[in-house]
Amino acid sequence: MRKWQRFVISFGLIAFLTGCGLLPGVLSPGVNHLALGNPSDATPTGLTPNNYLMTKPQYALSYNRTRGIPNWVSWQLDQGWLGEAERQDDFRPDPSLPEKWERVTPTDYRRSGYDRGHLTPSADRTNTVTNNSATFLMTNIIPQAADVNRGPWVDLEQHCRELVDQGKQLFIIAGGYGKKSAIAKGKIIPPNRVWKIVVVLDAVDQGIDSINAQTQVIAVDMPNQNGDSDASWTEYTVSVDSLERKTGYDFLRKVPKSIQDSIEPQVDSGTRQR
Ligand code: MN
Ligand code: MN
């Protein structure tokens, strides 16, 4: 086969698979929100309905069909994502889930006692209306106790944007583990704990190859319950290793093993000045 024929065939195949939704995002340009890896080996196929990979221009995630929530959402953050777009508040089902799957709707959270908690925060996507609106897809939302969502969780989100204001580039991944009682007649199973990992690069476009044993990595693990809205996020810092044990995922997997081994046992107090 000639080179150009091979090119035409492989391009056609990729376009076809993308059209079928089998390779979502492959052709969408821009940022790789999975630069640090896919910690749960999520796949964009019906073979892993409870670990279903969805990639969007604004973030990437693993969706759990049985639980009606993402297992994790991963996104990159720097000044380029921040601007003047207003909070759209247009919570809605995600139309890019496979057609036959039941979709969580915003009203499924009504009278549940939980907030509709963003994983990729609305305030991390304010450069365009489209990007802000994408954070209101229900595949980016988990049931979150109000005291956490409006307390230490939002404080850490703000801390991240302060780091970005200092010129840093962040790679963030967040999710939940454990189970609480189902809501919405069994359609949604809230997590018992909520966690987040933030990798802090000193400048934009250094790339993940610049990650070394001194790179700041903030990790937190919070109970998904009311009662301590005054707590500081710094009270919940843990090691990446502890989150790997609790979730069963392998984080930072695109980082060389020897560097993971020196970063992942550390607990960053979050107050370190650099
Ligand atoms: Mn929130
Ligand atoms: Mn790891």
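This structure is a prediction, so every number in the text was calculated from the model and none was measured. (Residues numbered from 1 in each chain as written. Chains lettered and ligands numbered in written order. Predicted model: local features only at pLDDT ≥ 70, side-chain atom pairs only at ≥ 80, totals over all residues. Heavy atoms only, no water.)

Peer 1: Quick question: what am I supposed to make of the side chain of Asn224 here?
Peer 2: Looking at where Asn224 falls in the secondary structure, it is placed in the loop between β8 (216-223) and α5 (240-247). In terms of polar contacts, Asn224 uses its side chain to reach the backbone carbonyl oxygen of Pro143, at 3.0 Å. Here Pro191 takes part through its backbone oxygen, which lies 2.8 Å from a polar atom of the side chain of Asn224. In contact with Asn224, other than residues within four places in its own chain, are Tyr114, Pro143, Gln144, Ala145, Val148, Lys180, Pro191, Asn192, Arg193 and Val194. (Helix = DSSP H or I, 4+ residues; strand = E, 2+ residues; numbered from the N terminus. Polar contact = N/O pair within 3.5 Å; in protein donor to acceptor, adjacent residues only side chain to side chain. Contact = heavy atoms within 4.5 Å.)

Peer 1: I keep staring at the coordination of the manganese ion (ligand 2) and nothing clicks. Help me out?
Peer 2: Where a metal carries four tetrahedral donors, each ideal angle is 109.5 degrees; where it carries six octahedral donors, the ideal angles are 90 or 180 degrees. Surrounding the manganese ion (ligand 2) are the protein donor atoms Glu244 (OE), Asp250 (OD), Phe251 (O), Gln260 (OE1) and Glu264 (OE), at 2.2 to 2.3 Å. We note that the donor set of the manganese ion (ligand 2) lies within a single chain, spaced as E-x5-D-F-x8-Q-x3-E. (Donors = N, O, S within 2.8 Å, 3.2 Å for Na, K, Ca; no water.)

Peer 1: Explain the sheet that holds strand β6 (residues 169-177) to me, please; I cannot follow it from the model alone.
Peer 2: For sheets, the rule is that strands pair by backbone hydrogen bonds, running either parallel or antiparallel. In spatial order, the strands read β1-β2-β3-β6-β7-β8; together these 6 strands make up an open sheet with antiparallel pairing. The open sheet has two edge strands with one neighbour each: β1 (52-55) and β8. Strand after strand, the sheet turns through a mean of 15° between neighbouring axes, direction not considered. On the sheet, α5 packs against β6, β7 (193-201) and β8 and is oriented at approximately 45° with respect to β8. (Pairing = 2+ DSSP bridges. Axes fitted to C-alpha atoms, helices over the stretch in contact; angles between N-to-C directions.)

Peer 1: Before we go on, may I ask you to explain the pairing of β8 in this structure?
Peer 2: Successive side chains on a regular strand alternate, one facing one side of the sheet and the next facing the other. A large share of β8 lies buried, amounting to 8 of its 8 residues. Every second residue of β8 is oriented toward a common face, with Gln216, Ile218, Val220 and Met222 on one face and Val217, Ala219, Asp221 and Pro223 on the other, all of them buried. As paired elements, β7 and β8 share 8 bridges and run antiparallel to each other. Paired with Val200 across the strands is Gln216, a residue of β8. (Buried < 20%, exposed > 50% of the residue type's maximum accessible area, 1.4 Å probe, protein only.)

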